[in-house]
Amino acid sequence: SKYIGRGIKTLLDPPNGPHCFRLHRDRVFYVSDLQMRSAAALPRDQLVGMGVTFGKFTKSKKFRLHVTCLDYIAQLAPYKVWVKPSAEQSFLYGNHVLKAGLGRITEDTPQNQGVVVLSMADVPLGFGVTAKSTAECRKLDPQAIVALHQADVGEYLRDEGALTG
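Residues numbered from 1 in each chain as written. Predicted model: local features only at pLDDT ≥ 70, side-chain atom pairs only at ≥ 80, totals over all residues. Heavy atoms only, no water.

Overview of the nonpolar core
Formed by 19 residues in total, the largest nonpolar core has its most connected members in Y3, F54, L65, I73, V116 and F127. When contributions to this core are tallied by element, the ones reaching two or more residues are β2 (27-32), α3 (70-76), β8 (114-119) and β9 (124-130). It is α3 that provides the largest number of residues to this core, a total of 3 residues. Once residues within four sequence positions are removed from consideration, L65 is found in contact with Y3, F54, G55, I73 and F127. Core analysis: the next-biggest nonpolar cluster, separate from the first, contains 13 residues, V81, F91, V97 and V115 among them. (Core = buried A, V, L, I, M, F, W, Y, C linked by side-chain atoms within 4.5 Å. Buried < 20%, exposed > 50% of the residue type's maximum accessible area, 1.4 Å probe, protein only. Helix = DSSP H or I, 4+ residues; strand = E, 2+ residues; numbered from the N terminus. Contact = heavy atoms within 4.5 Å.)

Below, the structure is given as structure tokens:
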């Protein structure tokens, strides 16, 4: 809910039928009810995954969102950050969004708010947390951090084993 707020209701009851979140082996999956019923027929020890992985619980029981849920979160996120084409590659390599690379930011975005990071062509690149509010961003120097990196689509290449296994 840090990223989508009240959009979670839309996520659970979309037009294509009811969906739910399921916990399996410390991973949280977003699954349609139909898929869930099919998966229930399988023994738990043989079930690897179902639906879309939204995140996982760490050993210290903190929830960590995976980049695999980016398409769902990007549609419903009220707060967004757009990066310039020159800063896209830097973000995709795991770096924070700097003021120099900031294209746009949603009005009235508070500090420490979960945001979806998009390219200027509205392609979701990842998500993070704002380091400064919208008002503070206007006064920053070009090398100041605007949004802290949390996950990006480059993780599909860098951490493929961690995302699937």
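So, the environment of F127
Of note, F127 is situated in strand β9. Sequence separation of F127 and V81 is 46 residues, and the distance between their C-alpha atoms is 8.9 Å. Setting aside chain neighbours within four positions, we find F127 in contact with Y3, L65, H66, V67, L70, F91, V115, V116, V117, H149, Q150 and A151.

Side note on the sheet that holds strand β4 (residues 63-65)
Reading across from one edge, β1-β2-β3-β4 is the order of the 4 strands in this open sheet, with antiparallel pairing throughout. Lying at the two open borders of the sheet, with one neighbouring strand each, are β1 (19-24) and β4. Taken pair by pair, the neighbouring strands of this sheet meet at an average axis angle of 30 degrees, ignoring direction. Contacting β1 and β2, helix α2 (residues 33-40) crosses the sheet at an angle of about 115 degrees to β2. (Pairing = 2+ DSSP bridges. Axes fitted to C-alpha atoms, helices over the stretch in contact; angles between N-to-C directions.)

Focus: the environment of D108
On the secondary structure map, D108 appears in the loop between β7 (102-105) and β8. Owing to a relative accessible area of 64%, D108 belongs among the exposed residues under this scheme. The sequence separation of D108 and T53 amounts to 55 residues, and the corresponding C-alpha distance is 30 Å. Sequence-distant contacts of D108, defined by excluding residues within four places in its chain, comprise Y79 and T134.

Section: the pairing of strand β3 (residues 52-57)
Pairing geometry for β2 and β3, over 4 bridges, is antiparallel. Across the sheet, the residue bridging to F29 is T53, located in β3. As paired strands, β3 and β4 are joined by 3 bridges and run antiparallel to one another. Counterpart to F57 in the pairing with β4 is F63. The antiparallel hairpin formed by β3 and β4 contains 5 residues in its connecting segment, where K61 sits at a positive phi of about 65 degrees.

A look at the environment of V123
Along the polypeptide, V123 turns up in the loop between β8 and β9. Sequence separation of V123 and L98 is 25 residues, and the distance between their C-alpha atoms is 19 Å.

Details of the pattern of salt bridges
This structure, assessed with the given rule, holds 2 salt bridges. Linking K61 and D26 is a salt bridge whose minimum nitrogen-to-oxygen distance equals 3.9 Å. Here K61 is found in the loop between β3 and β4, whereas its partner D26 is found in the loop between β1 and β2, with 35 residues between them in sequence. Classification of K61 by relative accessible area gives exposed; the value is 57%. In this structure D26 comes out as partly exposed when scored by relative accessible area, which is 40%. (Salt bridge = Lys/Arg side-chain N within 4 Å of Asp/Glu carboxyl O.)

Digging into the packing of aromatic side chains
On inspection of all chains with the given rule, the structure shows 6 aromatic pairs. Consider the rings of F21 and Y30, whose centres lie 5.5 Å apart with planes at 45 degrees: the pair is tilted. With a centroid separation of 5.4 Å and 50 degrees between ring planes, the pair formed by Y30 and F54 is classed as tilted. Taken together, the residues span a long stretch of sequence, with Y30 in strand β2 and F54 in strand β3 at a distance of 24 residues. By relative accessible area, which is 6% here, F54 ends up buried. Taken together, F21, Y30, F54 and Y72 form an aromatic cluster joined through their ring pairs. (Phe/Tyr/Trp six-rings, centres within 6.5 Å; stacked < 30°, edge-to-face > 60°.)

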